[in-house]
Amino acid sequence: MGHIHKFIKNGIPIVLDVNSGSVHVVDMLVYEMLDWYPELKAGEIELKLGKKYPKEIIREGIEEIKYLESMGQLFSEDIYDGLTAPRPGENVIKALCLHVAHDCNIRCEYCFASQGDFNSGRLLMDKEVARQAVDFLINNSGRRENIEIDFFGGEPLLNLSVVKETVDYGNRRASETGKNLKFTITTNALLLDDKTMDYINENMYNVVLSLDGNRETNDRMRHFDDGSGTYDVVSQNIKRFIAKRGEKSYYVRGTFTRHNAAFSKDAIHLADLGCKSLSVEPVVAEKEKSYSIRKEDLAVILNEYDILFDECVNRMGTEREFDFYHFKISLDQGPCVFKRLSGCGAGYQYLAVTPEGDLYPCHQFVGDPGFVIGNVFEGFINEEIPETFKAANVYNKPGCRDCWAKFYCSGGCHANSYKLMGDIGSRYDVGCEMEKKRLECAVALQVIKTLKEEENDKKVSR
């Protein structure tokens, strides 16, 4: 029999059916019944709750549960167990993370890329490698129409000429081959002058801008080579960029460490700067790092998500409303089943390309020679790596198979598991606890939004 997850948020009893993805707002009677159903018979449940609720109401509650079961919306069967990722050798590439610059103009304390050079020396991609990467993507995308290139670094704007060259070449090749090629870029925002902003807004489908929060938080970890902070320049550039961006997609991404485990204030600061789409994400670093997040930090961090949730609820429907990336969720069982089981597709659908043209499973593995898959000139050379990533799904990772969150987190980030546990098939438990809290907040926000919309519809129809 399938399983459920239930929790109360903002006084609302919520029940999630794990396998079907159905979300139910129930009364407290049904919520309590589910502690014993279906293990206990109807009569035994009546004895458990008879002093608190009338028998007729208890029987009605049991019938409601049975009806939802019959509709496949409660205790539903797991129809995905046994499914796997795409067949061995079938690597249909949907996106490339193009490292146009292994160099950076700031020095972030927690940078996983060794301040931008990925331990390989400071390099810029030339246009020949970039063009070959475009061709590699198109030639290996199979029948996929929608494909993507993410410009990354280091700081990609240090190599803006190659970014522009790649966009021009990519658009031309996409037109020739019937592909829909979208471009995105991740930048620390330091080089965003008006001309560059206009170019990005015209050519980039999505933009990620980096700022950790208020001045104190940001400048502690994100600073120039001389130690001076980046907040003043970056925050002003981001505000100007957002004003120019209009309705086009973007989000401002921050990182929190154990130095600012009380991170909700930084997220709220970003919202108050005018960032309508934002994220503040936990650093992932080795235990010996002073800023790494540890198990003992979880109580504070989980409470911070509650604080941020309350802020999102309070601002809902107002001009001060904002989207927090990890509180956004689809409740319609999308995306495709393989993504729900295996995650982002790193290693066989999504690859990173270095300035020299080497292929890695994703940007976080770049620089580790054990994860070189091939290169854009010769294609896949080490076929074992993609197969290893395909096998890392929620049915093979310890603790994931029976976890209520498995179809939403898809087993978590492979790079985080490898970095902290030494194996992409392992589970990063601290990250799991944070993810489960974020998912509860995300589901509850969606429920509250739906309830408000229904109430407004009722008012209009009166």
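By convention here, each chain's residues receive numbers from 1 onward along its written sequence. Per-residue local features of the predicted model are confined to residues with pLDDT of at least 70, and side-chain atom pairs are confined, for both listing and counting, to 80 or more; whole-chain, interface and lining totals are unaffected and use all residues. Computation of side-chain values covers all heavy atoms of the structure but excludes hydrogens and water.

**Q** Account for the overall build of the protein, with residues named and values stated.
**A** Only runs of H or I of at least four residues qualify as helices and only runs of E of at least two qualify as strands under DSSP, and these elements are numbered from the N terminus. What the protein contains, in helices and strands, is 15 helices and 18 strands. Radius of gyration: over C-alpha atoms. The globule rule applied is 2.2 Å multiplied by the number of residues raised to the 0.38 power. Since a compact globule built from 462 residues should have a radius of gyration of about 23 Å, the 24 Å found for the protein is in line with a globular shape. The principal-axis extents of the C-alpha atoms in the protein amount to approximately 75 × 50 × 50 Å. Relative to its full complement of 462 residues, the protein shows a buried share of 53%. Summarising the internal contacts of the protein: among those between residues at least 6 apart in sequence, 69% fall at separations of at least 24. Total accessible area computed for the protein in this model is approximately 21,100 Å², and 48% of it derives from carbon and sulfur atoms. This count recognises Lys and Arg as positive and Asp and Glu as negative, with His and chain-terminal groups excluded. Just so you know, the charge point we use is NZ for Lys, CZ for Arg, CG for Asp and CD for Glu. Positive and negative side-chain charges of the protein, numbering 58 and 72 respectively, have mean locations separated by a distance of 2 Å. Accessibility here uses a 1.4 Å probe with only protein chains present; expressed as a share of the type maximum, an area under 20% marks a residue as buried, one over 50% as exposed, and anything in between as partly exposed. Note on definitions: a residue-residue contact is assigned when non-hydrogen atoms from the two residues lie within 4.5 Å. Areas reported here follow the Shrake-Rupley algorithm with a probe of radius 1.4 Å; residue values treat only the protein chains shown as occluding.

**Q** Give a description of the nonpolar core that names residues and reports values.
**A** The set of buried Ala, Val, Leu, Ile, Met, Phe, Trp, Tyr and Cys residues whose side-chain atoms join them within 4.5 Å is what this entry labels a nonpolar core. Counting 122 residues, the largest nonpolar core has Phe151 and Met204 as the members making the most contacts within it. Counting residues per element, this core draws most heavily on helix H15 (residues 429–461), which supplies 10 residues. Among the nonpolar cores identified, the runner-up in size contains 18 residues, and Tyr37, Leu49, Leu74 and Phe75 belong to it.

**Q** Quick rundown of the packing of aromatic side chains? Include the residues and the values.
**A** Only the six-membered ring of Trp is used, alongside the rings of Phe and Tyr, when aromatic pairs are assigned; centres must lie within 6.5 Å, and planes under 30 degrees apart are stacked while those over 60 apart are edge-to-face, with the rest tilted. Considering all chains together, one arrives at 14 aromatic pairs under this definition. With a centroid separation of 4.2 Å and an interplanar angle of 5 degrees, the aromatic rings of Phe256 and Phe263 are classed as stacked. Comparing Phe256 with Phe263 shows no difference in burial state: the two are buried. Ring centres of Phe371 and Phe389 lie 6.3 Å apart, and the angle between their planes is 75 degrees; on these two criteria the pair is classed as edge-to-face. Of the two residues, Phe371 sits in the loop between strand E16 (358–360) and strand E17 (374–375) while Phe389 sits in helix H12 (residues 384–391), which places them 18 residues apart along the sequence. Here Phe371 falls in the buried class, since its relative accessible area comes to 11%. Here a set of aromatic residues connected by ring pairs shows up, and it is made of Phe256, Phe263, Tyr305, Phe324 and Phe327. Counted as over-ring charges are cases with an Arg CZ or a Lys NZ within 6 Å of the ring centre that also lie within 35 degrees of the ring normal. Note that Lys6 overlies the ring of Tyr31, its terminal NZ or CZ placed 3.7 Å from the centroid. Lying over the aromatic face of Tyr205, Lys182 brings its terminal NZ or CZ to 4.0 Å of the ring centre.

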